[in-house]
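Examining the three-dimensional arrangement
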Amino acid sequence: MKRRRKATSSYCCLLQRQNPAAPRHRGQLRHLKIMQEGIQLPTIVVVGDQSSGKSSVLESLAGISLPRGQGICTRVPLIMRLQNHSNPVPELFLEFNGKVVPTDEEHIADAINLATEEIAGKGKGISNSPLTLVVKKMAVPDLTMVDLPGITRVPVHGQPEDIYEQISKIIMEFITRREMSQRVDKTGQRTLAVVTKADKSPEGLLEKVTADDVNIGLGYVCVRNRIGDETYEEAREEEAKLFETNPSFQRLTNPWKINDKLSANIEDLNKLPKHLNSVAEAMTSFMHILGSAKESLRKIILQGEFDEYPDSAEMHCTARLAEMLNQYSTDLQSKKYVDNDPKKNFLLDEMKVLEETKSIGLPHFLPRAAFLTLLQQKVMDVSMIPLEFVDKIWSYLGDVVVSVLLRHCDNYPQLLSCTRRAAKNLIDKKHQQSIEWVKDMVEMEKLTDYTCNPEYMASCNKLMSRQDEFINIVNGLGISWNIQIDGFGLINVGHLQGKDGVVDAFDVKMRMTAYWDIVLRRMVDNMALHLTFSIQNLVKKEMQTEIIDELIGPQGNSLERMLEESPSVAEKRTKLENSIKLLKESKNVVANIMDRVVDNFD
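Here we summarise the structure given alongside this text. (Residues numbered from 1 in each chain as written. Predicted model: local features only at pLDDT ≥ 70, side-chain atom pairs only at ≥ 80, totals over all residues. Heavy atoms only, no water.)

What about the packing of aromatic side chains?
Across all of its chains, the model carries six aromatic pairs by this definition. On the numbers, 6.0 Å between centres and 65 degrees between planes, the contact of Phe-346 with Phe-470 is edge-to-face. Residue Phe-346 is found in the loop between α9 (317–333) and α10 (348–356), and its partner Phe-470 is found in helix α15 (residues 467–474); the two are separated by 124 residues along the sequence. Taken together, the ring pairs in this structure connect Phe-346, Phe-470, Phe-488 and Phe-506 into an aromatic cluster. (Phe/Tyr/Trp six-rings, centres within 6.5 Å; stacked < 30°, edge-to-face > 60°. Helix = DSSP H or I, 4+ residues; strand = E, 2+ residues; numbered from the N terminus.)

This is the structure:
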């Protein structure tokens, strides 16, 4: 990672080395086989600028003192193998140049210096020959780490001119296999950034770390180094105060992904259906499913609430039903007149019907049969529109009801077929009921002419007020053969000159026009009331009864089948439960590792 010359905080990277040959039995996490969860365990390689605090990070993890001083302290790759040890007496030894040298915590720094001189010579030169330090000690994590020489870009006295290239080559040897995080780990998935000496420049720390667009997939750990003669306890207290009081550190987070994986697995497990052990439990789960489905249908069909389906317009039922009802009304209005052009052959149909329904009796009494005959013709002309409408409505509602029920039964595949069958049977029943209701409505409208709506008389009187003017024009007393009548527009009446029965035909025509408006609106209003009532009964009562009869009636055995968990669900449940157990144990191990970085940092 690049070093910022103007920032006084330092940065180093812990990079996971892709090492397929690493023993799987080494360390608690490997023992738990955490890698089967997609979480790769590293040999940790510490990379960073000279004097950036790399060795100090490892000191905290190992609980031992490494060589410290000005300038380059680590001149050879130091492989630290930490092993949790039950014996209270630590065991430490160095392995290099084919030999093993025992040491102890008090003399480890001196022993490392002597071994380094033997490997890399005296002075400030470096070597790629590794020095292995084995630490067997209580309360240390089972972990392998590599401390590499710090990056030095400008050689100092006693260092070769190509010191930067030599160090880079060593680093590459230890971290390549699959520079540092940008060149080797371009996605940042293997990189953990450790911000050392954080107290030197806390303001804008996160921005400084990420300013060069470095991908840090495992996140950041921020630590404060021990200063001068501070004791470990004093250093921890100062670090705690720094982290608690300075907001700059709140955005630097724990790097490990185990928590995310654990939370996701727990969430997935909770989504699985409860494993049922008895018919009573099956009944409880079934009633819960039925209640949830009923509530969803109530919200989307009756209340107009669609929070469960925000992006599915077809499930916004109240809006779609209103649109279909408006279209139904429009379709009826388009059939307001029996013929396509009410201006053409004006009054001829009425005159023909009056002629055919006349009887022996006093003149100028309109036969009621004439009005009913014309009314029946008009009703029959629109009779298919409400039938087509209920077909459309119940087809739509069937799709909605089945979709909602199947979504709530999704965790129990055993219920899907019988639930779909019950829903389809109920929708078919409701559809047939609506068809019968429409047929009755049509027959009622054909049977008689009646309304108590005052608009009929108001409209009729307004239309009849033009009768005298109309007759005068027909008799040739107007300036033209045209007359403007509300609802019909400009009409030419020249074809009526000299014909009998014009007065009675005009009377029937105007009365029928006023009454037909009432009929059409009544057919829309009644349809709206019928559907509202039918749908409400479906959601509140009939659906539950139908499904219960289908599932647990004389022919039903679905409750018993609910006890038989499907193989796919059972396999997924077992896998998730094992994964959660493993991840929880792994989380504890990782927490111990990270606690040593944060709480015991030098």
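Read on, since the account is not over.
Considering the side chain of His-85
Considering the arrangement of structural elements, one finds His-85 in the loop between β3 (78–84) and β4 (91–96). Apart from residues no more than four positions distant in its own chain, His-85 is found in contact with Glu-91, Lys-136, Lys-137 and Met-138. (Contact = heavy atoms within 4.5 Å.)

Comments concerning the side chain of Lys-446
With respect to the secondary-structure elements, Lys-446 resides in helix α13 (residues 413–447). A relative accessible area of 17% places Lys-446 in the buried class. Setting aside anything within four residues of it in sequence, one finds Lys-446 in contact with Gln-376, Val-379 and Met-380. (Buried < 20%, exposed > 50% of the residue type's maximum accessible area, 1.4 Å probe, protein only.)

Here we look at the packing of α13 against helix α16 (residues 502–552)
For any two helices packed against each other, one specifies the inter-axial angle together with the distance between the axes. For the pair α13 and α16, the least separation of the axes is 9 Å and the interaxial angle reads 155 degrees. The pairing of α13 with α16 is recorded here as roughly antiparallel in orientation. Note that α13 runs across α16; the crossing there is right-handed. (Axes fitted to C-alpha atoms, helices over the stretch in contact; angles between N-to-C directions. Parallel < 35°, antiparallel > 145°, perpendicular 65-115°, else oblique. Left-handed = near helix turned anticlockwise from the far one by under 90°.)

Digging into the pairing of strand β6 (residues 131–137)
Burial within β6 is extensive, with six of its seven residues counted as buried. Bridge count for β3 against β6 is seven bridges, and the pairing is parallel. Bridge pairing in β6 links Met-80 to Leu-133. Looking at chain direction, β4 and β6 are connected through five bridges and run antiparallel. Counterpart to Leu-92 in the pairing with β6 is Val-135. (Pairing = 2+ DSSP bridges.)

Some details on the environment of Ile-258
When you line up the elements, Ile-258 lands in helix α7 (residues 258–271). Using a relative accessible area of 3% as the deciding quantity, one classes Ile-258 as buried. For the pair Ile-258 and Ser-586, spaced 328 residues apart in sequence, the C-alpha to C-alpha distance is 7.6 Å.

So, unusual backbone geometry
With phi around 50 degrees, Asn-97 is a residue other than glycine that occupies positive phi space. Looking at the element boundaries, Asn-97 is found in the loop between β4 and β5 (99–103). Positive phi, close to 75 degrees, is recorded for Leu-347, a residue that is not glycine. Relative to the elements of secondary structure, Leu-347 occurs in the loop between α9 and α10. Owing to a relative accessible area of 1%, Leu-347 belongs among the buried residues under this scheme.

With respect to the nonpolar core
Formed by 90 residues in total, the largest nonpolar core has its most connected members in Ile-301, Phe-470 and Ile-485. Top element by residues in this core is α16. It accounts for 22 residues. With sequence-adjacent residues up to four places away left out, Ile-485 is seen in contact with Phe-346, Leu-463, Arg-466, Phe-470, Ile-491, Phe-506 and Met-510. (Core = buried A, V, L, I, M, F, W, Y, C linked by side-chain atoms within 4.5 Å.)

Quick word on the environment of Gly-123
Looking at the element boundaries, Gly-123 is found in the loop between α3 (108–120) and β6. Along the primary structure Gly-123 and Arg-75 are separated by 48 residues, whereas in three dimensions their C-alpha atoms are 9.8 Å apart.

Things to note about the environment of Glu-436
Residue position: Glu-436 is located in helix α13. Note on Glu-436: relative accessible area 37%, which makes it partly exposed. Side-chain polar atoms of Glu-436 contact the side chain of Gln-432, separated by 3.0 Å. (Polar contact = N/O pair within 3.5 Å; in protein donor to acceptor, adjacent residues only side chain to side chain.)

A closer look at the pairing of β4
With five bridges joining them, β4 and β5 adopt antiparallel strand pairing. If you follow Phe-93 over to β5, its bridge partner there is Pro-102. With antiparallel pairing between neighbouring strands as the criterion, β4 and β5 make up a hairpin whose turn holds two residues, including Asn-97 at a positive phi of roughly 50 degrees.

Details of the pattern of salt bridges
Overall, the coordinates contain 21 salt bridges when judged by the stated rule. Among the ionic pairs, Lys-424 bridges to Asp-428, the shortest N-O distance being 3.2 Å. Here the residue Lys-424 and the residue Asp-428 both occupy positions in helix α13, the gap between them amounting to four residues, near one helical turn. By relative accessible area, which is 38% here, Asp-428 ends up partly exposed. Across the salt bridge formed by Glu-469 and Arg-466, the nearest N and O atoms sit 3.0 Å from each other. The partly exposed category is assigned to Glu-469, whose relative accessible area is 38%. Relative accessible area serves as the criterion here: at 22%, Arg-466 is assigned to the partly exposed category. If you follow the salt bridges from partner to partner, you end up with Lys-299, Asp-307, Glu-308 and Arg-407 in one network. (Salt bridge = Lys/Arg side-chain N within 4 Å of Asp/Glu carboxyl O.)

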